[in-house]
Amino acid sequence: MKPTHKTCKCIAWMCLLIAGLTITGCSTKLSPTDYFNEFNSFQSASYIESNHNGVTYKLQYRPVEFQALNALKGTGNVNADAIQTQIDSFADRQLYCLRIQVDSADEDILRHNLSDEGEYYHRLELLNNKFGVMTWGLSGQDTVHTGFHHFERTYKIRPFVQVLFSLNDKDGNMPDKLVFEDYIFNHGEPIVFQNIRAYNNRLPKLGL
């Protein structure tokens, strides 16, 4: 049976709807409190994950809205104007956080598979001073290097370590993939996070 003009029109609208959902992603809008907690507590929708040899790597993009809410927390002044002021004044559009832990959550990652006590301090040295040369973004054929990084020491309070870092791209373009060449816990194995742009499109959005 030959499709009618009405049927063709309906199919065309369905295709447009599906295409629109694909482009915009399936992100949800959250209240300021829920949005802040989503990233601050590393809820599963806020990061992408890779696992190698018993070590788990969780990469989280830190949107400018989260950065603004983090600066405003405790002030009681959370509104659209205050958030935009914070974004305009200091927000970094290439900010990421990499959290690293072992699968057995009660084990101190810094002591995982240590060969001797000296390796423990070598790991601290690498996290503090060498992380930037082990991490970069890839956009097509272009490499985007790390602009700065900050290792957040846990002092055995939490069973993971994390590094806050920014890519050195003044245009704020999202890379296609991110690479962490892990000489700290995995003998230089490249940990590759694919489809960064698609991941970013799926992230929850701030609703006001």
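Residues numbered from 1 in each chain as written. Predicted model: local features only at pLDDT ≥ 70, side-chain atom pairs only at ≥ 80, totals over all residues. Heavy atoms only, no water.

Chemist: Mind laying out the overall build of the chain, listing which residues take part and the relevant values?
Modeler: Along the chain, the regular secondary structure elements total six helices and ten strands. When burial is assessed residue by residue, the chain has 42% of its 208 residues classed as buried. Sequence-distant contacts in the chain: of pairs separated by 6 or more residues, those separated by 24 or more amount to 63%. Just so you have it, the chain exposes about 12,000 Å², and 52% of that area is on carbon and sulfur atoms. (Helix = DSSP H or I, 4+ residues; strand = E, 2+ residues; numbered from the N terminus. Buried < 20%, exposed > 50% of the residue type's maximum accessible area, 1.4 Å probe, protein only. Contact = heavy atoms within 4.5 Å. Areas by Shrake-Rupley, 256 points an atom, 1.4 Å probe, with all protein chains shown as cover.)

Chemist: Tell me about the packing of helix α2 (residues 32-40) against helix α3 (residues 64-72), and name the residues and values.
Modeler: Orientation of α2 relative to α3, taken along the N-to-C sense of each, is 105°, at an axis distance of 10 Å. When the interaxial angle is binned, α2 and α3 end up roughly perpendicular. On the side of α2, the interface is formed by P32, Y35, F36, F39 and N40, while α3 contributes E65, F66, L69 and N70. Class assignment of the residues belonging to the contact of α2 with α3 gives a composition of six nonpolar, two polar and one charged. (Axes fitted to C-alpha atoms, helices over the stretch in contact; angles between N-to-C directions. Parallel < 35°, antiparallel > 145°, perpendicular 65-115°, else oblique. Nonpolar A, V, L, I, M, F, W, Y, C, P; charged D, E, K, R; others polar.)

Chemist: Account for the packing of aromatic side chains, with residues named and values stated.
Modeler: Applying the stated criterion to the full structure yields ten aromatic pairs. Between the aromatic rings of F42 and Y47, the centroid separation amounts to 5.8 Å while the plane-to-plane angle is 35°, which identifies the pairing as tilted. Classification of Y47 as buried rests on a relative accessible area of 15%. With 5.0 Å between their ring centres and 90° between their planes, Y120 and Y121 make a pair best called edge-to-face. Owing to a relative accessible area of 8%, Y120 belongs among the buried residues under this scheme. Aromatic rings pair up to connect Y57, Y61, Y96, F131, F165 and F180 into one cluster. One residue, R99, lies across the ring of F42, its end atom 3.9 Å from the ring centre. A cation over a ring is seen here: R99 above F160, with NZ or CZ 3.8 Å from the ring centre. (Phe/Tyr/Trp six-rings, centres within 6.5 Å; stacked < 30°, edge-to-face > 60°. Lys NZ or Arg CZ within 6 Å of the ring centre and 35° of its normal.)

Chemist: Describe the confidence of the model for the chain, and please don't skip the residues or the numbers.
Modeler: In this model, the chain carries a mean pLDDT of 86, and residues with pLDDT of at least 70 account for 85%. The model gives residues 7-25 a pLDDT under 50, and that stretch makes four contacts with residues more than four places away or in other chains. (pLDDT = per-residue confidence, 0-100.)

Chemist: Any chance you could break down the sheet that holds strand β9 (residues 189-193) for me, citing the residues and the numbers?
Modeler: Ordered in space as β2-β3-β4-β7-β6-β5-β8-β9, the eight strands form an open sheet in which the pairing is antiparallel. The outermost strands of the open sheet, each flanked by one partner alone, are β2 (48-52) and β9. Ignoring which end each strand starts from, the neighbouring axes of this sheet average 25° apart. With seven bridges connecting them, strand β3 (residues 55-61) and strand β4 (residues 95-102) associate as antiparallel partners. Bridging from a neighbouring strand, T56 pairs with Q101 of β4. (Pairing = 2+ DSSP bridges.)

Chemist: Any details on the pairing of β3? Residues and values, ideally.
Modeler: Counted residue by residue, β3 has seven buried out of seven residues, so it is predominantly covered. Side-chain alternation along β3 places V55, Y57, L59 and Y61 on one buried face and T56, K58 and Q60 on a second face that is also buried. By the bridge criterion, five bridges tie β2 to β3 in an arrangement that is antiparallel. Within the sheet, the bridge partner assigned to S50 lies in β3 and is Y57.

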